[in-house]
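Spelled out from the first residue to the last, the chains are:
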Amino acid sequence: MTVSIINGPNLNRLGKRNPELYGSETFEETLETIRERFPKIDIRYFQSNSEGEIIDIIQRESLDSSVAGIILNPGAYAHYSYAIADAIEDSDKPVVEVHISNIHAREEFRTKSVTARAASAIIAGCGRKGYSLAVEYLSSNNL
């Protein structure tokens with residue numbers, strides 16, 4: 001079973017950007033923890049600051065028969081990218097949207113996710129653990 005994790009803009013700066021909000025751990029460290037917790041699952045990881053590239057990755061991973069599901073943290077694109085929402089909706093794979101912080105407890109513009117309407121599930125406010133929860137959801141549903 002393969003699960004693809006796609007992180008959007010500025011998430012390459014995890015560990016340095018707003019550590020009081022997002023923590024001081026790099027995503028590579030988070031990824032190592034996830035892989036150790038789920039050794040039987042092939043975890044693919046992608047990160048891009050480009051909306052078009054994120055769409056390309058979603059489309060490519062959706063066509064790959066070995067991919068059981070996608071975990072997507074669209075970052076700020078969650079709040080206004082109808083193009084990413086359309087790519088999620090067009091995917092035949094389940095997509096779990098993950099946000100490290102609780103977007104509903106932040107600035108007004110962050111409280112709405114336009115990409116969430118197309119997701120199979122949403123996890124927000126659980127910190128980095130949200131990624132593991134998403135892997136657990138995908139694997140427990142035999143998706």
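Anyway, here's the lowdown on the structure attached to this text.

Each value, and the rule that gives it
The residue numbers shown here count from 1 along each chain, following its written sequence. In keeping with the model being predicted, local features are shown solely for residues with a pLDDT of at least 70 and side-chain atom pairs are shown and tallied solely at 80 or more, while totals for entire chains, interfaces and linings include all residues. Think of the side-chain values as coming from all heavy atoms in the structure, minus any hydrogens and water. Strands here mean DSSP runs of E at least two residues long; helices mean DSSP runs of H or I at least four residues long; both are numbered from the N terminus. Atoms counted for the radius of gyration: C-alpha only. Globule rule: 2.2 Å times the number of residues to the power 0.38. Only protein chains enter the calculation, and the probe is 1.4 Å; a residue is then buried if its accessible area is under 20% of its type maximum, exposed if over 50%, and partly exposed in between. Throughout, a residue-residue contact means that at least one pair of heavy atoms, one from each residue, lies within 4.5 Å. Only the protein chains shown count as cover for residues, and all accessible areas are computed by the Shrake-Rupley method using a 1.4 Å probe. Counted as positive: Lys and Arg. Counted as negative: Asp and Glu. His and the chain ends are not counted at all. Charged groups are reduced to one reference atom each: NZ for lysine, CZ for arginine, CG for aspartic acid, CD for glutamic acid. For patch building, the residue pool is restricted to those with more than 30% relative accessible area and no salt bridge; the joining distance is 9 Å between like charges and 5 Å between nonpolar side chains (Val, Leu, Ile, Met, Phe, Trp, Tyr). What counts as a salt bridge is simple: a side-chain nitrogen of Lys or Arg found within 4 Å of a carboxyl oxygen of Asp or Glu.

## Comments concerning the overall build of the protein
Regarding its fold elements, the protein presents 5 helices and 5 strands. Mapped from its N terminus to its C terminus, the protein presents α and β elements in the order β-α-α-β-α-β-α-β-β-α. Computed over the C-alpha atoms, the radius of gyration of the protein is 14 Å, within 12% of the 15 Å expected from 2.2 N^0.38 for a compact globule of 143 residues. Principal-axis analysis of the C-alpha atoms gives the protein an extent of 40 × 35 × 25 Å. A burial count over the protein gives 50% of its 143 residues as buried. The long-range fraction of contacts in the protein, counting pairs at least 24 apart against all pairs at least 6 apart in sequence, stands at 76%. Surface summary for the protein: the accessible area is close to 7,000 Å², and the carbon and sulfur share equals 47%. Each charge sign in the protein was given a centre, from 15 positive and 20 negative side chains, and these centres are 4 Å apart.

## Quick notes on a negative patch on the surface
Taken together, the side chains of Glu 28, Glu 29, Glu 32 and Glu 36 define an acidic patch exposed on the protein surface. Looking at the secondary structure, you find Glu 32 in helix 2 (residues 27-37).

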